[in-house]
Amino acid sequence: MAQFHLHMQSIGRSRSRSAVAAAAYRAGCKLKEKVICRDTGVVTFFEHDYSNKPGVAHSEIMAPDGAPSWMRDRQVLWNSIQNEFDTAKNSVFCKEMDIALPIHLTESQNIELARRYVSEVLVDGYGLVCDLNVHYDNPENPHAHIMTSTRLLVMGKNGEMTFGNKIRYLDDKKFLYEIRAQLGAYINRDLAKYGHPERVSHLSYKARGIDMHPTIHKGVGHHLNGAERALLNAEILKDRALMLKENPEIMLKAMQSEKCYFTLPELENRVYELLLDDNVDDGSIRSNDGDLSLSVMKIVQKSAAEIVEVLSTSKELVHLQALDGLGKQYYATQTRINEEKEFLG
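Rules of the game
Residues numbered from 1 in each chain as written. Predicted model: local features only at pLDDT ≥ 70, side-chain atom pairs only at ≥ 80, totals over all residues. Heavy atoms only, no water. Helix = DSSP H or I, 4+ residues; strand = E, 2+ residues; numbered from the N terminus. Buried < 20%, exposed > 50% of the residue type's maximum accessible area, 1.4 Å probe, protein only. Contact = heavy atoms within 4.5 Å. Areas by Shrake-Rupley, 256 points an atom, 1.4 Å probe, with all protein chains shown as cover. Axes fitted to C-alpha atoms, helices over the stretch in contact; angles between N-to-C directions. Left-handed = near helix turned anticlockwise from the far one by under 90°. Nonpolar A, V, L, I, M, F, W, Y, C, P; charged D, E, K, R; others polar. Pairing = 2+ DSSP bridges. Parallel < 35°, antiparallel > 145°, perpendicular 65-115°, else oblique. Core = buried A, V, L, I, M, F, W, Y, C linked by side-chain atoms within 4.5 Å. Expected span 1.5 Å × (residues − 1). Patch = residues over 30% accessible without salt bridge, like charges linked within 9 Å, V, L, I, M, F, W, Y side chains within 5 Å. Salt bridge = Lys/Arg side-chain N within 4 Å of Asp/Glu carboxyl O.

## Things to note about the overall build of the chain
Along its length, the chain carries nine helices and 11 strands. Burial analysis of the chain (345 residues in total) assigns 46% to the buried set. In the chain, the share of contacts with a sequence separation of at least 24, taken over all contacts with a separation of at least 6, comes to 67%. Summed over its atoms, the accessible surface of the chain is roughly 17900 Å², and 50% of this surface lies on carbon and sulfur atoms.

Laid out in structure tokens, this is it:
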């Protein structure tokens, strides 16, 4: 299953952070930071050397058309922002986004995905200067760091573009929602382009209509002894299983947002995962050491099989023609089929 992740934070002086140091670490390079004492004006230089940092697959500064060359120089860019434009004691130097890249794509495909998203959405769409770094230090967790400017680009007195007023919408929830939605669209477009059935969604379960929260037992599990806890665990699982049986569209919504087609064993495995979702309520269905008890395992396996049997008769589920020569039976939801047709034109 492809995972969606986009997290945004601020890097600024109020938390004693340095954009130069952060940029050096993300890029795996050596940068010299210029620090000017506010009281005496004395200048001190600090060197941040991360040139031996492994896993930096791609590093690039991208800027809007017309931006001066110094904005594409990592050391000059972040030193200028810290010492010329954002000098107040509570200044925010940049916004940083870290995004998950799909493990289903190759390294070169993910680099191109990240470059296109940054160029078309953040640079051309919002006019931001972006310091992009793609990391592959863990092949199971490819991701990108994007440090962005926080000021408008304006024409300076010398006829050269420079930084102007602060961009206030960077702190709005609407902006975060928009860039999350756009990232999801870019990832899904490339997953489809390269023939992968997995899909991501920038929306929460609740926003997708997948509401798995039971109405009883919330928040009491950690007060119980072993026997009471076992009974509670069984009740919670029965609640979840009953909810899925009575509302099969919950499961299909979850599945169609994650894969455009799937087998019944894959569907059963996803049901299994939803039943065991520890985020559903405060009372864990696991033992203190994190293992599942035999009784819980039996309930989950039986419930998952029963739920898939109910789902297999749903009018929303479509049996697809053979997609490979291995004899596998694939299915998709009618809603997802319609979305894919519209998505791929």
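## Quick notes on the packing of helix H3 (residues 107–123) against helix H4 (residues 173–193)
Two elements in contact, H3 and H4, have axes whose closest approach is 10 Å; the angle formed by their N-to-C orientations is 140 degrees. Relative to H4, H3 is oriented so that their crossing is right-handed. The segment H3 lies against H4, with Gln-109, Leu-113, Arg-116, Tyr-117, Glu-120, Val-121 and Leu-122 engaging Ile-179, Gln-182, Leu-183, Tyr-186, Ile-187 and Asp-190. Tallied by class, residues from the contact of H3 with H4 come to eight nonpolar, two polar and three charged.

## Regarding the sheet that holds strand S6 (residues 130–135)
Within the open sheet, the five strands sit side by side as S1-S5-S7-S6-S4. Their pairing is antiparallel. Among the strands making up the open sheet, the edge pair consists of strand S1 (6–12) and strand S4 (56–62). The mean angle between the axes of side-by-side strands here comes to 15 degrees, regardless of whether they run parallel or antiparallel. As judged from the seven bridges shared by S1 and strand S5 (residues 92–100), these two strands associate in the antiparallel manner.

## A look at the packing of helix H1 (residues 19–27) against helix H2 (residues 74–85)
Their axes nearest at 9 Å, the elements H1 and H2 cross at an angle of 155 degrees. Viewed along their axes, H1 and H2 adopt a mutual orientation that is roughly antiparallel. Read as a crossing pair, H1 and H2 show a hand that is right-handed. In this structure, H1 contributes Ala-19, Val-20, Ala-23 and Ala-27 to the contact, and H2 contributes Arg-74, Trp-78, Asn-79 and Gln-82.

## Concerning the nonpolar core
Side chains of nonpolar character tend, in soluble globular proteins, to be buried together. Ranked by size, the top nonpolar core spans 32 residues in total, and within it Tyr-117, Val-118, Leu-122, Leu-132, Val-134, Ile-146 and Ile-179 carry the most contacts. At the level of elements, S5, H3, S6, strand S7 (143–148) and H4 are the ones that each hand at least two residues to this core. Apart from the residues lying within four places of it in its own chain, the contact partners of Leu-132 are His-58, Ser-59, Glu-60, Met-62, Ala-114, Arg-115, Val-118, Ala-144, His-145 and Ile-146. By size, the runner-up hydrophobic cluster in this structure holds 23 residues, among which are Ile-11, Ile-61, Leu-77 and Val-129.

## Structural notes on H4
Think of an α-helix as turning once every 3.6 residues; residues three or four places apart then point the same way. Helix length check: H4, at 21 residues, gives a terminal C-alpha distance of 30 Å against a target of 30 Å (1.5 Å per residue), a fit within 8%. Looking at H4, one finds that the buried residues are Phe-175, Ile-179, Leu-183, Gly-184, Tyr-186, Ile-187, Asn-188, Asp-190, Leu-191 and Ala-192. At the exit of H4 stands Gly-195, carrying a positive phi of roughly 80 degrees.

## Focus on a nonpolar patch on the surface
Together, Ile-36, Val-43 and Phe-45 give the surface a local cluster of nonpolar side chains, amounting to about 260 Å² of exposed area. Checked against the element boundaries, Val-43 lands in strand S3 (residues 43–49).

## Observations concerning the pattern of salt bridges
Counted by the stated rule, this structure contains nine salt bridges. A salt bridge links Glu-60 to Arg-115; the nearest nitrogen and oxygen atoms lie 2.7 Å apart. Here Glu-60 is found in strand S4, whereas its partner Arg-115 is found in helix H3, with 55 residues between them in sequence. Residue class for Arg-115 comes out partly exposed when judged on its relative accessible area of 26%.

## Quick word on the environment of Lys-328
Here Lys-328 lies in the loop between strand S10 (317–319) and strand S11 (331–333). Among the residues examined, Lys-328 registers a relative accessible area of 43% and is labelled partly exposed. Lys-328 sits 64 residues away from Leu-264 along the chain, and the two C-alpha atoms are 9.6 Å apart.

## Considering the side chain of Asn-133
As for its position among the elements, Asn-133 is in strand S6. Of the residues examined, Asn-133 reaches a relative accessible area of 0% and is grouped as buried. Not counting the four nearest positions on each side in its chain, Asn-133 is found in contact with Arg-26, Ala-27, Val-56, His-58, Ser-59, Arg-74, His-143, Ala-144 and His-145.

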